[in-house]
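A look at the structure
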Amino acid sequence: MTERQNRAAIRAEGLTKSFGGTQALAGVDLEAAPGTVLAVLGPNGAGKTTTVRVLSTLLRPDGGQAWVAGHDVREDPESVRRNLGLSGQYAAVDEKLTGRENLYLVARLYGMGRHAARRRAGLLLESFRLEDAADRPSGTYSGGMRRRLDLAGALVARPPVVVLDEPTTGLDPRSRADTWASIQELVDGGTTVLLTTQYLEEADQLADTIVVIEHGSVVARGSASELKGRVGGERLTLTVAEPRARAAAAEILDALGPHAPVLDSRTGRFTVATEQGARGLEHALSRLRLADIAVRDVALAPPTLDDVFLALTGQPQTSREPATTEVIVGAGAPEAGR
Ligand SMILES: Nc1ncnc2c1ncn2[C@@H]1O[C@H](COP(=O)(O)OP(=O)(O)OP(=O)(O)O)[C@@H](O)[C@H]1O
Ligand SMILES: [Mg+2]
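Keep in mind the model is a prediction, meaning the values are calculated, not measured.

Considering the domain arrangement of the protein
Annotation of the protein at the domain level lists domain 1 (3–222) and domain 2 (232–329). Centre-to-centre, using C-alpha coordinates, domain 1 lies 38 Å away from domain 2. In this complex, domain 1 contributes ten residues to the contact, which on the side of domain 2 involves six residues. Across the interface of domain 1 and domain 2, roughly 810 Å² is buried in total on both sides, 73% from carbon and sulfur atoms. Between domain 1 and domain 2 we count zero salt bridges in total. On inspection of domain 1 and its partner domain 2, the count reaches zero residue pairs in polar contact (both at pLDDT 80 or more). For the side of domain 1 that touches domain 2, the residue count by class is seven nonpolar, one polar and two charged.

Next up, the structure:
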């Protein structure tokens, strides 16, 4: 093993995996330095869970290699498992046991004494806000509660590497924020975390490095700000008041940047990349005014990871509205804004 492989907490090189005619992984390379968060981002079917299963020794890759905490997933799966906590995409809890019993059992399986196991279970129930439900069967838990219990289970043995497959999918906003805080705490304590997500905001919040995969291949990698920097410039969003003025507005906005403006036909809002900042905005607004086109709202903001995703894949990652956090002009009608 090279020193590099030894130093990375998680490392994969050229992982491939096919299921029948479906190539789930077409050569995935990734790496997480100790004590960092690596987010694997991608749409449904991109290969996220397959990557997680290979790294956690649940699935043998067809080709390529991977190491977790310096141990080869193929040659030394036992050592990999000893160093890794896994929370799968679908919560795996024993429904007949209570939340407390589930965690106690995991702790005992990891070789903790009774007292230590009880303490650890209690602490985790507290930090995942499951104390009230701790002593009823987990089969009666809501989906979000199961998810949190499963996450807690991955952390029982304080493994140096934790792999979380969509840890916050299906969680309400409060539980999501709590989960982010728990992950951040882990990382502050030196744990390495690989998480998969479909939420750009989650990757933005937590990840030191983001790997974007699509169809089993890495299409981009870097920090959130590096990825945003690649899109370049800023995003101008603008809504024209009259639907019939849209074509003329599109022509004016087209002059702002290298790419044509994109119209959300439901809301009538245009989004366009611009390198010209406020000057470009002023120019566009004055031309719109000259053409007698009423503008309902307009905003200029730095690119978001959504824009990155759109630029990389030509597909919006979510159906969320474009970011309009930095509204600088509310022209036209008094009901300007959203
Ligand atoms: N056991 C399997 N048998 C057959 N095909 C599979 C199997 N596991 C995954 N696939 C296929 O491999 C591809 C990648 O699947 P994977 O589960 O890794 O995607 P994902 O990124 O986790 O998606 P999601 O966001 O929906 O969880 C998909 O086309 C999927 O249908
Ligand atoms: Mg998945």
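Describing the nonpolar core
Grouped together as the largest cluster of nonpolar side chains are 44 residues, with contacts concentrated most on L103, V193, L195, I210 and L305. Ranked by residue count, the leading element in this core is helix α6 (residues 143–155), at six residues. Among the domains, domain 1 (3–222) and domain 2 (232–329) are the pair contributing at least three residues each to this core. Residues contacting V193, with those up to four places away along its chain left out, are T36, V37, L38, V162, L164, I183, L186 and V187. Ranked by size, the runner-up nonpolar core spans 25 residues in total, among them L25, L38, V52 and L194.

Some thoughts on the sheet that holds strand β2 (residues 22–32)
In space, the four strands of this open sheet follow the order β2-β1-β4-β5, with antiparallel pairing throughout. With one partner strand each, in any of the chains shown, β2 and β5 (71–72) form the two edges of the open sheet.

Quick notes on the packing of helix α4 (residues 99–109) against helix α5 (residues 114–127)
At a minimum axis distance of 8 Å, the contact between α4 and α5 shows a crossing angle of 130°. As the angle between them shows, α4 and α5 are arranged oblique. As α4 packs across α5, the resulting crossing turns out to be right-handed. Between α4, through G99, R100, L103, Y104, A107 and R108, and α5, the contact on the second element is made entirely by R114, A117, R118, A121, G122, L124 and L125. Residue classes in the contact of α4 with α5 are distributed as seven nonpolar, two polar and four charged.

The rules behind these values
- Residues numbered from 1 in each chain as written.
- Chains lettered and ligands numbered in written order.
- Predicted model: local features only at pLDDT ≥ 70, side-chain atom pairs only at ≥ 80, totals over all residues.
- Heavy atoms only, no water.
- Domains from an automatic or database assignment.
- Contact = heavy atoms within 4.5 Å.
- Buried area = accessible area lost by both parts, 1.4 Å probe.
- Salt bridge = Lys/Arg side-chain N within 4 Å of Asp/Glu carboxyl O.
- Polar contact = N/O pair within 3.5 Å; in protein donor to acceptor, adjacent residues only side chain to side chain.
- Nonpolar A, V, L, I, M, F, W, Y, C, P; charged D, E, K, R; others polar.
- Core = buried A, V, L, I, M, F, W, Y, C linked by side-chain atoms within 4.5 Å.
- Buried < 20%, exposed > 50% of the residue type's maximum accessible area, 1.4 Å probe, protein only.
- Helix = DSSP H or I, 4+ residues; strand = E, 2+ residues; numbered from the N terminus.
- Pairing = 2+ DSSP bridges.
- Axes fitted to C-alpha atoms, helices over the stretch in contact; angles between N-to-C directions.
- Parallel < 35°, antiparallel > 145°, perpendicular 65-115°, else oblique.
- Left-handed = near helix turned anticlockwise from the far one by under 90°.

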